[in-house]
Every structure is written in C-alpha cells, then in structure tokens.
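Fold and contact review
The chain contents come next:
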Amino acid sequence: MDDEEFAPAGPTEDVSLPKATIGKMLEDMLPDSRLTNDVRDLFVDCCTEFINLISSEANDISGKDNKKTIGPEHVLKALETLQFQGYLNEVRASHEQHKAEVKEGPKKNLKRARTNSGLTPEEAIAAQKALFASARASCYTGPPGAGPSESTGS
Amino acid sequence: MSSHPFIATPSGKQGELMLPLARVRRLIKTEEDVKMVSSEASFLITKSTELFLELLSQRAAAIMDSEDRTQLTYNDVATSVDENDPLEFLRDIVPMKVSGAEVLSSMKRPGDE
C-alpha cells in the first residue's frame, strides 16, 4: 500500500548527501574531536557508498523474492547479509516508532502548538486582540511615506 | 543545543531521521536495476545509514583516542576500514595510504638481489 513508483534517476545525475547535516551529526557524536573538511567529505562519501551497498543488496533480495519493489523486509535481510546485524534491533525499533508517530502525527502537533506558548486559550485570544489593536494603531500614527499600509498585492 | 529543529542527539529520537529522506531516496534510485522502493524501506535505509555513520566515526575515534589525539585523520578512518570486515566495501574509497619510501623499498629493482 505504501509502494511508490519512481522513474530511475539516471546515470548522469549527481546526488549527494548534505555535508552540513553529516558534519553536525559528527560533531554531536564526537564532541571533543576536530575534523578537517577533507575528513568530513570522506564520511559523506562513505555514507553514500553504504547506501549504494544496502540498496543493491536489498534490490537483489527483493528480486529473489519475486518482488519489483524493495520492501522493509528486504532491507532488514540485506543488513543481516552484509554483517550489520547489530543494527537490526535498533532499526526495527525505529521503524515501529516511526509508524506509530506517523499515525498520531497531526493530532500530536496540534496539541503541542496549543500548549507551547504557555498561555490559556483566553490569554491567547486577549493577546491576539491586543496585537491587532496595536497594529491598527500603528497604521494610523506612522509617519507619512513610511510605507503603504495596504498591500499593493505583491 | 542544535538550532535546527530536526536534528536531535546522536542516538536521536527513535522514529525521527536526521538525514533527508528524499535525498536518500534519490540515491537509492540511482542504483542500477532498482525500479521501486517502498517508503518504509527508504526510511530503514536512511536510519541504517545514520547508524553506519555512528559506527564508522566511533571506530575511527577509537584509533584516534588510543594515540591520545583529538584530531580525526584520514588514516584513522582508513585503519578502521582495514581492520573491520563489515567495512570491507569501503576499502576502495578509503584505501590505506602507504608512504612513498615504503613503496620504493618494497619495489624490487633489477640488479638489487
């Protein structure tokens, strides 16, 4: 049900992982170490190579499974085959967590938004009213030529 | 504390990803013979890559630590790749560097023996 069909990216396309993200992850993982840009680039290349490896292996496994789509079970099998069994539990757990979060998603976000500001609904409405009032006031008292109070539509 | 809302601690909130899913998906598709990949599989591959990065960096850092250094070097990464079987696939990307002198001395020149 979650199969997605994509056209192949093509051999000329140069896709890479974001250096900044990986750099930040490395900083978080090794807080007391220093890395040159070269070494950071190296990690980016290694991650890309890892993705190639897993994708290739998972694809083979899906083929043997007579499936045209790489599914989660193929990826897990690929990890095992490539001697990354140590990841299986964490990856599986992450997957379960992700599925659970996706289900709850929208509701969860609403709840967070409502309680985030620390105001009760009445306080929030009052604050909003005050904001509108001051915005209206500044429209009339602003210096002439300061800028149009009505949008020109741009 | 990171200012970026989606990057958590290294161990991460389990269900969230730090690497961009869409980018990883595109990488998966550049692989020959791959036709379709489910969104779940893409998620798992992305998560695995994050764990892999952690593994590789920690192995390299262990070598750095053992020599009382704080600067992570190419050789630290190359040595971890060389010494760990699951990292064999990286041996072309991160080959062990041999010094010129070592290469020369290991080369047998005609008339030397």
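Residues numbered from 1 in each chain as written. Chains lettered and ligands numbered in written order. Predicted model: local features only at pLDDT ≥ 70, side-chain atom pairs only at ≥ 80, totals over all residues. Heavy atoms only, no water.

Basically, it comes down to this: UniProt positions are given in the numbering used here, feature names are shortened, and annotations may be inferred rather than shown by experiment.
Labelled according to an unreviewed UniProt entry, chain B appears under the name Transcription factor CBF/NF-Y/archaeal histone domain-containing protein, originating from Cymbomonas tetramitiformis. Reading the Subcellular location (unreviewed entry) entry of the UniProt record for chain B gives the comment "Nucleus".

An unreviewed UniProt entry annotates chain A as Transcription factor CBF/NF-Y/archaeal histone domain-containing protein of Cymbomonas tetramitiformis. Turning to chain A, the UniProt record has this under Subcellular location (unreviewed entry): "Nucleus".

1. Quick look at helix H3 (residues 72–81) of chain A
The test is simple: Think of it in three bands: with a 1.4 Å probe and only protein chains considered, a residue is buried below 20% of the maximum accessible area for its type, exposed above 50%, and partly exposed in between. The numbering of helices and of strands both runs from the N terminus, where a helix is a DSSP run of H or I of at least 4 residues and a strand a run of E of at least 2.
Of the residues making up H3 of chain A, those classed as buried are Pro-72, His-74, Val-75, Leu-76, Ala-78 and Leu-79 of chain A. Just downstream of H3 of chain A, Gln-83 of chain A is the residue with a positive phi angle, here 70°.

2. Looking at the side chain of Ser-48 of chain B
Here is the rule we go by: Note on contacts: a residue pair is in contact if any heavy atoms of the two residues lie within 4.5 Å.
With respect to the helices and strands, the residue Ser-48 of chain B is situated in helix H2 (residues 39–66). Those residues in contact with Ser-48 of chain B, other than ones at most four positions away along the chain, are Phe-50, Leu-79, Tyr-87 and Val-91 of chain A.

3. As for the pattern of salt bridges
Pairing is possible between side chains of opposite charge, provided their charged atoms come close. Residues and elements named next belong to chain B. So the rule is basically this: Criterion for a salt bridge: a side-chain nitrogen of Lys or Arg within 4 Å of a carboxyl oxygen of Asp or Glu.
Inspection of every chain in the model, using the stated rule, returns 7 salt bridges over all chains. Where Arg-69 meets Glu-67, a salt bridge forms, and the shortest distance between an N and an O atom there is 2.9 Å. The residue Asp-76 makes a salt bridge to Arg-69 at a minimum N-O spacing of 2.7 Å. Residue classification places Asp-76 among the buried residues on the basis of a relative accessible area of 2%. The structure contains a network of salt bridges with shared partners spanning Glu-67, Arg-69 and Asp-76.

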